[in-house]
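Secondary and tertiary structure notes
Given next are the chains, with one letter for each unit.
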Amino acid sequence: MYTTLKEVTQTAENLNMTIGAFNAHNLEMLPEMIRAAKEMGSPIIIQTSVDTAKYIGFRVMVAVARQLAEDEMVDVALHLDHAKNFDDIKEAIDSGYTSVMYDGSQLPFKENIAKTRAVVQYAHKIGASVEGELGTIGGTEEGIHVDEIDKIYTSPDDVLEFVEETGVDALAIAIGTNHGQFKSKTEVNIPLLKEIHKVTDIPLVIHGGTGVKEEDYPELINNGIRKFNVGTELLVNWTKEAKECFAETPVNKSLRHNVIPANLAVKEIIKHKIGLFMNVNSPLKVAQ
Ligand code: 13P
């Protein structure tokens, strides 16, 4: 079923698991991403940056994701990642994206609240979900660099006010992760996550999932992470595989010989991640 972020994170809450939110960089990889979720028996969030949505076309992206959800019988939410501009958000929602992230994390707190609330009001009228962000996540995203020095961890004191005032359906938090970190792993601040989770039961979101150690997943999930973003790991491995294939394949052979192995590399990573995201060794409800 083509569904919303709110629905799939509720499923995650009920089962004490997290839902993988995987960045699609082109349409080629999309069918195998959704088939990975089908084979694992999990919902999936497909997300695109604004630039990728514009490259593919918002309505095209929606049509393909919706059709694949139906054909493969998988719960798929289509989410716009890190949007800062209301026109882009409106276009995504009007085109049929079921969820958007409004990223006001660089704004003063009150302005972040006001702008996020305006997005929530628009989205909820149409039944779309909204993810907000508090604190800043390090690294690079679509070429914009966030210096270590500019990184602000999410303050638990701000969380309740932000969630109540904005009405968001999920909250991205800064607890030490970085976007685009694929050569090393980060130290996630688990005590800070626990403090945040203590003040709210809003589904929490990890950004920069590529740089998170897999051994940290259970603690993250057991403390309220219900959406887990992974982008760079897919991008890097799709590109590596495609590069090798393009180097070996005669120029007059079908493009399938270059693209299918890259799509399958992405599928295997997603299956592996979902297997961990299902958090099978944990109790369904964590004792408080
Ligand atoms: P990575 O590309 O570092 O996995 O992060 C993905 C993400 O958080 C998208 O918003």
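Residues numbered from 1 in each chain as written. Predicted model: local features only at pLDDT ≥ 70, side-chain atom pairs only at ≥ 80, totals over all residues. Heavy atoms only, no water.

Assigned secondary structure in the protein chain consists of 11 helices and 12 strands. What you see for the protein chain is a C-alpha radius of gyration of 18 Å, in line with the 19 Å of a compact globule of 288 residues. Principal-axis analysis of the C-alpha atoms places the extent of the protein chain at approximately 60 × 40 × 40 Å. Across the 288 residues of the protein chain, 56% fall into the buried class. Put simply, of all contacts in the protein chain between residues at least 6 apart along the chain, 72% involve residues at least 24 apart. In the structure as shown, the protein chain presents an accessible area of about 12900 Å², 53% of it carried by carbon and sulfur atoms. (Helix = DSSP H or I, 4+ residues; strand = E, 2+ residues; numbered from the N terminus. Rg over C-alpha atoms; globule rule 2.2 N^0.38 Å. Buried < 20%, exposed > 50% of the residue type's maximum accessible area, 1.4 Å probe, protein only. Contact = heavy atoms within 4.5 Å. Areas by Shrake-Rupley, 256 points an atom, 1.4 Å probe, with all protein chains shown as cover.)

Further remarks concern the site of the ligand. Lining the immediate surroundings of the ligand are 16 residues, of which D81, G180, G208, T210 and T232 lie closest. T210 places a polar side-chain atom, nitrogen or oxygen, 2.5 Å from an oxygen atom of the ligand. The contact in question runs from an oxygen atom of the ligand to an N or O atom on the backbone of G231, over 2.9 Å. With the chains in place, 97% of the 310 Å² that the ligand exposes on its own is no longer accessible. At the level of secondary structure, the elements contributing two or more residues to the shell around the ligand comprise β4 (76–83), β10 (178–179) and β12 (225–230). Split into classes, the residues belonging to the shell around the ligand amount to one nonpolar, 13 polar and two charged. (Near = heavy atom within 4 Å. Polar contact = N/O pair within 3.5 Å; in protein donor to acceptor, adjacent residues only side chain to side chain. Nonpolar A, V, L, I, M, F, W, Y, C, P; charged D, E, K, R; others polar.)

One finds M33, I46 and L220 to be the most contacted residues of the largest nonpolar core, which totals 71 residues. Considering each element in turn, this core owes the most residues, seven residues, to helix α11 (residues 256–277). Non-local contacts of L220, meaning those with residues more than four positions away in its chain, are made with I175, V188, I190, L193, I206, V212, I225 and F228. (Core = buried A, V, L, I, M, F, W, Y, C linked by side-chain atoms within 4.5 Å.)

Across its 17 residues, helix α10 (residues 232–248) extends 24 Å between first and last C-alpha, which sits within 8% of the 24 Å expected from 1.5 Å per residue. Those residues of α10 not exposed but buried are T232, E233, L234, V236, W238, A242 and C245. Of the surrounding elements, those touching the buried residues of α10 are β2 (19–23), α2 (30–40), β12 and α11. (Expected span 1.5 Å × (residues − 1).)

On to the packing of aromatic side chains, then. Pairs of aromatic rings are described using the distance from one ring centre to the other and the angle between the two planes. The full count for this structure, using the stated rule, is six aromatic pairs. Between the aromatic rings of F86 and Y122, the centroid separation amounts to 5.7 Å while the plane-to-plane angle is 80°, which identifies the pairing as edge-to-face. Of this pair, F86 sits in helix α5 (residues 86–95) while Y122 sits in helix α6 (residues 109–126), and the two are 36 residues apart along the sequence. The exposure class of F86 is partly exposed, given its relative accessible area of 35%. Assessed through its relative accessible area of 17%, Y122 is described here as buried. (Phe/Tyr/Trp six-rings, centres within 6.5 Å; stacked < 30°, edge-to-face > 60°.)

Structurally, K194 is set in helix α8 (residues 190–199). With relative accessibility at 38%, the residue K194 sits in the partly exposed group. Put simply, K194 and E91 are 103 residues apart on the chain and 36 Å apart in space, counted from C-alpha to C-alpha. Apart from the residues within four sequence positions on either side, K194 is in contact with E219 and N223.

The UniProt entry lists H82, H179 and H207 under the feature "binding site: Zn(2+) 1" (unreviewed entry), expressed in the numbering used here. Across 126 residues in sequence, these annotated residues keep their C-alpha atoms within 11.5 Å of one another, forming a single compact spot. Considering the arrangement of structural elements, one finds H82 in strand β4. Classification of H82 as buried rests on a relative accessible area of 14%. Looking at H82, its side chain comes within polar contact range of the side chain of D103, at 2.9 Å. Mapped onto the elements of the fold, H207 is located in the loop between β11 (204–206) and α9 (217–222). With a relative accessible area of 0%, H207 lands in the buried category. With residues up to four places along the chain from it excluded, the contact list for H207 reads D81, H82, M101, E131, I137, A172, T177, H179 and N229. (UniProt positions renumbered as here; feature names shortened; annotations may be inferred.)

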